[in-house]
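Remarks on the overall topology
What follows is each chain in one-letter form.
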Amino acid sequence: MQTPYNDNLDPDFYRAFYPDLANMSVDQAKSHYHDHGLREGRYPNQTAYLANMGDVVSADEPILPPDDVPETETETLQEAGDHPVRHHLLLGGTGRAGTSFMVQYLTACGLDTHSSRHPDEQLEEHANAGLEDLPIGDGANLPYLIKTPWLYEFIDRLIAQEDVVIDAVIITMRDIVEAATSRVMLEMRGRLGNDALVEEHTRWETWGTTPGGLVYSLNPVDQARILALGFYQVIHALVKHDIPVVFLDFPRFIEDGNYLYDQLKSVLGDGVSRETALAAHRALARVDLVRVGAELGSTATGQNQVAAPIGFPSHETIDRTTLFRELKRAKSAAESAKNRSCALEAAARRDREMNVALKNEILSLTAKLDAQRKLVESVQHDREKDAEIQRRIVDDLSDRLGASNDQLVMVERSFLWRAAAAGRRLLGRK
């Protein structure tokens, strides 16, 4: 198993050794090793690779190397040859057993998963299902963690592939009655939502979609047999090939974050602290979504109920449970819609009140503006009137000043004439 013996990165070796990095530049290779390769245990140079080829991994070591949380698929060379291989951690279960939560949880713990590569992808609304990958065909671009409900269909072929190494398999287990019943309820809900089906068809216990093809059963016993057989096939293949298996009890790992971390310690190694794992659990775990057990207990009380074999609920019980679940969902949706409607109505009422207040304010401001405009016009008129009076006063003063000047000239002339009278007489002039 790889360990980063030293971080003296040889970009040429790094890009040549790992085909998924072949097109990277030197700077990109350096960044990749610093951000991902070191934690993934990728070889930084030929010396590290050759040194690692002689190592023997202790049986006491965790399934993943210490401080190593994979973020992209890990490609190495098999010790027996030159085949590039991909390491994967597989995730499966008995069905409806919290595997979608596990993908989200392991993503939050730092593993390379479907969610880390497709962060915008959402779970299916009613089933809380999704985030799956199929390791068939060319799986070069698959994440390290692979969740699939179809593991029993191809586990033997996957183990036999020379280019795949299964580091471990996480198996989530749920009560088989609840697991089978949950699947049947989701199928029945799909029927109920199919407008093309008449009401009677939605109650049938068997159905078929292919002309002349199979008839499939909505009896949870039949569904349980399929789940149990697939589960056995997976476990037998893993035990036969000495592949480590981690079993998780559902819903216990939803309810108890410490239990989940302790069970996964061999997978997570030292790369994820208990604090990080518990924080991820607190943020993601929702006990309220574990519903089937409580729902069956609350509806299997009818007088005419006929108990199915080995404790499985009857078709009528599942039908009622499905309808009750839809009724609760519809009631919740209606309540949410009512709350939104009330909120919108309150917002509209506030808008109307604000609109009235604004209109009143506009009217008040308009009246004040008119009064101010009239005041300005009055002041302006008064000013114009005062200016006219002032002009008249100025004109009158100017006229009076002119007259005074004229009189003064006359007086001055008269005075001078009189003063010069004696001289005129001396000169013999009058």
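Please refer to the structure placed before this passage.
Here's a quick rundown of the structure. Here the structure is a predicted model, which is why all the values come from computation and not from measurement.

1. Considering the overall build of the protein
- Of regular secondary structure, the protein possesses 14 helices and seven strands.
- Burial analysis of the protein (430 residues in total) assigns 35% to the buried set.
- For the protein, the share of sequence-separated contacts (at least 6 apart) that also reach a separation of at least 24 residues comes to 70%.

2. Topic: the packing of aromatic side chains
- Summed over the entire model, instances satisfying the criterion amount to five aromatic pairs.
- Consider the rings of Trp-150 and Tyr-152, whose centres lie 6.3 Å apart with planes at 50°: the pair is tilted.
- Aromatic rings pair up to connect Phe-101, Tyr-105, Phe-250 and Phe-253 into one cluster.

3. With respect to the environment of Gly-37
- You can see Gly-37 is positioned in helix H2 (residues 26–40).
- Exposure remark for Gly-37: the relative accessible area of 0% places this residue in the buried category.
- Remark: the alpha-carbon pair of Gly-37 and Tyr-14, spanning 23 residues in sequence, is separated by 9.5 Å.
- Not counting residues up to four positions away in its chain, the partners in contact with Gly-37 are Tyr-14, His-32 and Arg-42.

4. Structural notes on the nonpolar core
- Grouped together as the largest cluster of nonpolar side chains are 29 residues, with contacts concentrated most on Met-102, Tyr-105, Leu-106, Phe-253 and Leu-264.
- Looking at this core, the elements with two or more residues in it are strand S2 (84–93), helix H4 (99–108), strand S4 (164–173), strand S7 (245–249), helix H9 (252–255), helix H10 (257–268) and helix H11 (274–284).
- Of the residues forming this core, the biggest block, six residues, is contributed by H10.
- Setting aside chain neighbours within four positions, we find Leu-106 in contact with Leu-111, Thr-113, Leu-145, Ile-170, Leu-264 and Leu-268.
- Membership of the second largest hydrophobic core comes to 17 residues, among which are Ile-146, Ile-235, Leu-238 and Ile-243.

5. Here's the deal with H10
- The terminal C-alpha atoms of H10, which comprises twelve residues, lie only 14 Å apart, well short of the 16 Å expected from a rise of 1.5 Å per residue.
- Turning to H10, its buried residues number three or more, namely Gly-257, Tyr-259, Leu-260, Tyr-261, Leu-264, Val-267 and Leu-268.
- Where the residues of H10 are buried, they touch S2, H4, S4, S7, H9 and H11.

6. Examining the packing of helix H6 (residues 151–160) against helix H8 (residues 220–240)
- Across the interface, H6 lies against H8 with an axial gap of 8 Å and an inter-helix angle of 15°. As judged from the angle between their axes, H6 and H8 are roughly parallel. Between H6 and H8 the crossing geometry is left-handed. In this structure, H6 contributes Leu-151, Tyr-152, Ile-155, Asp-156 and Ile-159 to the contact, and H8 contributes Ile-226, Gly-230, Gln-233, Val-234, Ala-237, Leu-238 and Lys-240.

7. A short note on the pattern of salt bridges
- A full pass over the atoms with the stated rule returns eleven salt bridges.
- Asp-112 is the salt-bridge partner of Arg-117, the closest N and O atoms lying 2.9 Å from each other.
- With its nearest N and O atoms 2.9 Å apart, the salt bridge here joins Asp-370 to Arg-373. One end of the pair is Asp-370 and the other is Arg-373, both in helix H13 (residues 315–419) and three residues apart, which spans about a single turn.
- Salt bridges linked by common partners bring Glu-388, Arg-391 and Arg-392 together as one network.

8. Observations regarding the pairing of S2
- With eight of ten residues buried, S2 is to be regarded as a mostly interior element.
- In this sheet, S4 lies alongside S2 in parallel orientation, the contact comprising eight bridges. From the neighbouring strand, Leu-89 faces S4, where its bridge partner is Ala-168.
- Looking at chain direction, S2 and strand S3 (residues 145–147) are connected through three bridges and run parallel. Its bridge partner lying in S3, Leu-90 is registered against Ile-146.

9. What about the environment of Tyr-216?
- Mapping Tyr-216 onto the fold places it in strand S6 (residues 216–217).
- Here Tyr-216 falls in the partly exposed class, since its relative accessible area comes to 28%.
- As a C-alpha pair, Tyr-216 and Thr-206 span ten residues in sequence and 5.6 Å in three-dimensional space.
- Looking at Tyr-216, its side chain comes within polar contact range of the side chain of Glu-187, at 2.9 Å.

10. Considering the pairing of S4
- The element S4 is largely enclosed, with a buried count of eight among its ten residues.
- The pairing of S4 with S7 spans five bridges and is parallel. Residue Ile-171 lies in a different strand from S7, and its bridge partner there is Phe-247.

Conventions and cut-offs
Residues numbered from 1 in each chain as written. Predicted model: local features only at pLDDT ≥ 70, side-chain atom pairs only at ≥ 80, totals over all residues. Heavy atoms only, no water. Helix = DSSP H or I, 4+ residues; strand = E, 2+ residues; numbered from the N terminus. Buried < 20%, exposed > 50% of the residue type's maximum accessible area, 1.4 Å probe, protein only. Contact = heavy atoms within 4.5 Å. Phe/Tyr/Trp six-rings, centres within 6.5 Å; stacked < 30°, edge-to-face > 60°. Core = buried A, V, L, I, M, F, W, Y, C linked by side-chain atoms within 4.5 Å. Expected span 1.5 Å × (residues − 1). Axes fitted to C-alpha atoms, helices over the stretch in contact; angles between N-to-C directions. Parallel < 35°, antiparallel > 145°, perpendicular 65-115°, else oblique. Left-handed = near helix turned anticlockwise from the far one by under 90°. Salt bridge = Lys/Arg side-chain N within 4 Å of Asp/Glu carboxyl O. Pairing = 2+ DSSP bridges. Polar contact = N/O pair within 3.5 Å; in protein donor to acceptor, adjacent residues only side chain to side chain.

No statement about biological role is implied by the geometric values presented.
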